[in-house]
Amino acid sequence: MSTHPPLPQSRELADTQVVEVTERRAQHRRYLMCRPEHFTVSYRINPWMEPGRPTDTAKALRQWQDLHDTYVRLGHEVELIDPVPGLPDMVYTANGGFVIDGRALGVKFRVPERRGEERPFMDWFAAHGVDVIEPVEVQEGEGDFLLVGDTILAGTGFRSVGDSHREVADVFAREVISLRLIDPRFYHLDTAIAVLDPVEGPSGVDRANIAYLPTAFDDRARAVLAERFPDAIAVSDSDGAVFGLNTASDGRNVIVSPRAVGFIDQLRDRGYIPVPVDLSELLLGGGGIKCCTLELRG
Ligand code: ARG
């Protein structure tokens, strides 16, 4: 049985006229963010991080504030978790867990440097009415798990282990597609795939849509993506290399790095509205827009 809402009148006429690309609809989002008050690069757990290179915490805070204010301006809700001194990567809240249907699978980091974040995130969920499931297998939350329609795309290769894909499938009773990452610069799935519109519409109309960086994946993952997402936007290596895929989208507005110029054009061609926000300082830690954003799905 279909759970889709009735189609608007104009679409019922589809067989008598050419259907234009419909206006994309913004969907309400609720996000969890963390002010980068303690942001610095004091260790190296991905190729972007160079502890010898100075970071500018005030600049990171200004750029982060711009992202925060952009979400609010677009009508989204932003919740905040208190930053903890000594946990400089806590600003990357995407790794804090994975939340669907008001239930959170907590994070269990591969990297020891970030294990101190696990409890604060789980405590935040519990204190805000989200059921918390303690994780068994190693995985790094929404950094490696992305929801598209009713399917979870799950990354492995650098951080989250394959067994966590089985666990996330069990916990949320959803289909999981495992995808192997092969380029150390794109060590989390959200650096190589952007979910532009997670809504699965009637076939051919408003189809769920993603963008991805083909060279970040092994052959098998590339074949699966091509088969499952024939309408996906393939992003160039140069746009990928500036973290162009690390975006947040509400289905209409796509918050994207201003440096991903080719991807910005591709988004416009598909009817999305690119909203550039520069997080260059946070890229020194190997993170971007999506990394600083955890979706709270009620
Ligand atoms: N320094 C952090 C790490 O390597 C950056 C995390 C980026 N987060 C993300 N969702 N891709 O863990």
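Residues numbered from 1 in each chain as written. Predicted model: local features only at pLDDT ≥ 70, side-chain atom pairs only at ≥ 80, totals over all residues. Heavy atoms only, no water.

### Here's the deal with the overall build of the chain
Piece 1. On a plain count of helices and strands, the chain comes out with eight helices and 15 strands.
Piece 2. Expressed as a percentage of the 298 residues in the chain, the buried residues total 53%. (Helix = DSSP H or I, 4+ residues; strand = E, 2+ residues; numbered from the N terminus. Buried < 20%, exposed > 50% of the residue type's maximum accessible area, 1.4 Å probe, protein only.)

### Considerations on unusual backbone geometry
It is generally the case that most residues other than glycine have a negative phi and that most peptide bonds are trans.
Piece 1. Look at Ala173: it is not a glycine, yet its phi comes out positive at around 50 degrees.
Piece 2. With respect to the helices and strands, the residue Ala173 is situated in the loop between helix 4 (162-172) and strand 8 (175-180).
Piece 3. The class for Ala173 is exposed, based on a relative accessible area of 68%.
Piece 4. With phi around 65 degrees, Phe243 is a residue other than glycine that occupies positive phi space.
Piece 5. With respect to the element layout, Phe243 can be found in the loop between helix 6 (237-240) and strand 12 (248-249).
Piece 6. Taking relative accessible area as the criterion, Phe243 reaches 3% and is therefore assigned buried.

### Notes on helix 2 (residues 57-73)
Piece 1. Helix length check: helix 2 (17 residues) gives 24 Å between terminal C-alpha atoms against 24 Å at 1.5 Å per residue, within 8%.
Piece 2. Among the residues of helix 2, Ala60, Leu61, Gln63, Trp64, Leu67, His68, Thr70 and Tyr71 are the ones counted as buried.
Piece 3. Considering only its buried residues, helix 2 is in contact with strand 1 (30-33), strand 2 (77-80), strand 12, strand 13 (253-256), strand 14 (273-276) and helix 8 (280-283).
Piece 4. Two residues or fewer past helix 2, Gly75 is found with a positive phi of approximately 95 degrees. (Expected span 1.5 Å × (residues − 1). Contact = heavy atoms within 4.5 Å.)

### Brief notes about the sheet that holds strand 12
Piece 1. Taken together, three strands build an open sheet; the order of strands is 12-13-14 and the sheet is mixed. With partners counted over all chains shown, the strands left at the sheet margins are strand 12 and strand 14, one partner each.
Piece 2. For strand 13 and strand 14, the ladder comprises four bridges, and the chain directions are parallel. In the sheet register, Val254 faces strand 14, and the bridge partner there is Pro274.
Piece 3. Docked against the sheet, helix 2 engages strand 12, strand 13 and strand 14, running at close to 180 degrees with respect to strand 13.
Piece 4. Its contacts with the sheet put helix 7 (residues 261-269) on strand 13 and strand 14, and the angle it makes with strand 13 is roughly 180 degrees. (Pairing = 2+ DSSP bridges. Axes fitted to C-alpha atoms, helices over the stretch in contact; angles between N-to-C directions.)

Note that all results are geometric; they support no functional claim without further evidence.
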